[in-house]
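# Descriptive analysis of the structure
Listed below are the residues making up each chain.
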Amino acid sequence: MIDLRSDTVTRPTPAMLQAMMQAQTGDDVFKEDPTINLLEAKCAALFNMEAALFCSSGTQTNQIAIKCHTRPGDEVICEAEAHIYQYEAGGIAFNSGASVRLLPGDRGRINAAQVKAAINPDDVHKPPSRLVCIENTSNRGGGSCYHFEELEKIQSVCKEHQLALHLDGARLFNAIVAKNEAPAQYGKLFNSISICFSKSLGCPVGSILLGTREFINQARRVRKILGGGMRQAGYLAAAAIYALDHHVERLATDHRHAQMIAEALEASRWVQTVLPVATNIIIFETKAITAKELVGKLKAQGILCNAISADRIRFVLHLDISPQMAATVIKTIQSL
Ligand SMILES: *Cc1c(COP(=O)(O)O)cnc(C)c1O
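No experiment lies behind these values; they were computed from the predicted model shown. (Residues numbered from 1 in each chain as written. Predicted model: local features only at pLDDT ≥ 70, side-chain atom pairs only at ≥ 80, totals over all residues. Heavy atoms only, no water.)

As a matter of local geometry, the ligand sits amid 13 residues, with Gly-58, Thr-59, Asp-168, Arg-171 and Lys-199 nearest to it. Within the contact set of the ligand, a nitrogen atom lies 2.6 Å away from a side-chain nitrogen or oxygen of Asp-168. A distance of 2.9 Å is found between an oxygen atom of the ligand and a side-chain nitrogen or oxygen belonging to Lys-199. Starting from 380 Å² of accessible surface for the ligand in isolation, the protein chains cover 84%. Structurally, the ligand is housed in the largest pocket. With three residues, the top contributor of residues to the shell around the ligand is helix α3 (residues 58–69). (Near = heavy atom within 4 Å. Polar contact = N/O pair within 3.5 Å; in protein donor to acceptor, adjacent residues only side chain to side chain. Areas by Shrake-Rupley, 256 points an atom, 1.4 Å probe, with all protein chains shown as cover. 1 Å grid on protein atoms, 1.4 Å probe; cavity = no way out; pocket = protein on both sides within 12 Å on 5 of 7 lines; lining within 4 Å. Sits in = over half its atoms within 2 Å of the grid points. Helix = DSSP H or I, 4+ residues; strand = E, 2+ residues; numbered from the N terminus.)

See the structure below:
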């Protein structure tokens, strides 16, 4: 089976497993796991931020960040399709007691003018606007990336109105590679950044949260409250270190595969439109067939993918899709 359902389906490579087997470990709740300490220092240095915290998932890093930036009754501003709102099980309400202002975006991206217009005045009737969350790349937006200049404008608005700015960068490295950016550019703009190792970087588990030393101290406490304190998790941190060293530049291959497959889709009689491909995600609309039916046809040919609505399908490229498999996907689409 060729599995295009998500980039979370990857399995550790033999070399990654080797790195995991050789990890030095200790009790991380005592801050004594040398491999976790190394990973946190490495990530903080890469993004030129003060400190980092290794966590179990991207949901956990996002939710910890929102908890640390807000107090109950505050308002969080984000795009309507944002993962923090759509796919984190109501965690903003559950964990932080905050309300959410949803903005309609352009393939998951909001702009500075929208953010500015969504900030509540100092009025007893209104929840205090406290935090803006950005998603880059945008999952529901089909892997779209922000123009960096727009992010700078959003930061100015946040600074002017004393709002915190958080980045859900589950797939931030896809954006960085696609746009030839530097991690430190992001460290400069955001108060906190969350990045997944378990997505396109090919790790079995893990995310990192970045911020100031004070913020990360608080985040460590919230992680403990959520039951997220880990012990000899250096085996997992070793996978993340391996991924940072070996699986970042290769993301360009996934992006190339996505472009090639999108071209084949555009020529298919079953496809109405394909969203512009920016990174490793393809979202397309079906024609004369439901998404569910087309998913079934592809499955019968050995290709797994997800319907994300009645007439939309998502493909995600990743480490476990070889050039040969990408070619098979293209041939299959052409033969349908
Ligand atoms: C996957 C994802 C997350 C985190 O998901 P987990 O499964 O909890 O690691 C957060 N944001 C976005 C945009 C994602 O795609």
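Right, let's talk about the sheet that holds strand β12 (residues 306–309) for a bit. What the four strands build is an open sheet, ordered β9-β10-β13-β12; its pairing is antiparallel. Edge strands, defined here as strands with exactly one partner in the open sheet, are β9 (271–274) and β12. Averaged over all pairs of adjacent strands, the angle between strand axes in this sheet comes to 35°, irrespective of strand direction. When strand β10 (residues 281–286) meets strand β13 (residues 312–316), the two strands line up antiparallel, connected through five bridges. Bridging from a neighbouring strand, Ile-283 pairs with Arg-314 of β13. Its contacts with the sheet place helix α12 (residues 251–266) against β9, β10 and β13, and it is angled at close to 10° to β10. (Pairing = 2+ DSSP bridges. Axes fitted to C-alpha atoms, helices over the stretch in contact; angles between N-to-C directions. Contact = heavy atoms within 4.5 Å.)

Another aspect to go through is the pattern of salt bridges. Between side chains of opposite charge, pairing is possible as soon as their charged atoms come close. By the definition in use, this model includes 14 salt bridges. Its salt-bridge partner being Glu-285, residue Arg-312 comes within 3.9 Å of it at the nearest N-O pair. Residue Arg-312 is located in strand β13, and its partner Glu-285 is located in strand β10; the two are separated by 27 residues in the primary sequence. Since its relative accessible area comes to 24%, Glu-285 is described here as partly exposed. (Salt bridge = Lys/Arg side-chain N within 4 Å of Asp/Glu carboxyl O. Buried < 20%, exposed > 50% of the residue type's maximum accessible area, 1.4 Å probe, protein only.)

Taken in spatial order, the seven strands make up an open sheet running β2-β8-β7-β6-β5-β3-β4, and their pairing is mixed. Only two strands of the sheet have a single neighbouring strand rather than two, namely β2 (51–55) and β4 (99–103). For this sheet the average axis-to-axis angle between neighbouring strands, irrespective of direction, equals 20°.

Bringing the packing of aromatic side chains into the picture now. According to the stated counting rule, one finds five aromatic pairs in the structure shown. Residues Phe-54 and Phe-197 carry aromatic rings whose centres are separated by 6.3 Å and whose planes lie at 45° to one another, so their mutual orientation is tilted. Placement of the pair is Phe-54 in strand β2 and Phe-197 in the loop between β7 (192–196) and β8 (207–211), with a sequence separation of 143 residues. Note on Phe-148 and Tyr-186: the rings are 5.2 Å apart at their centroids and 85° apart in plane angle, and the pair reads as edge-to-face. With Phe-148 in helix α7 (residues 148–160) and Tyr-186 in helix α9 (residues 183–189), the pair connects residues that are 38 residues apart, well separated along the chain. (Phe/Tyr/Trp six-rings, centres within 6.5 Å; stacked < 30°, edge-to-face > 60°.)

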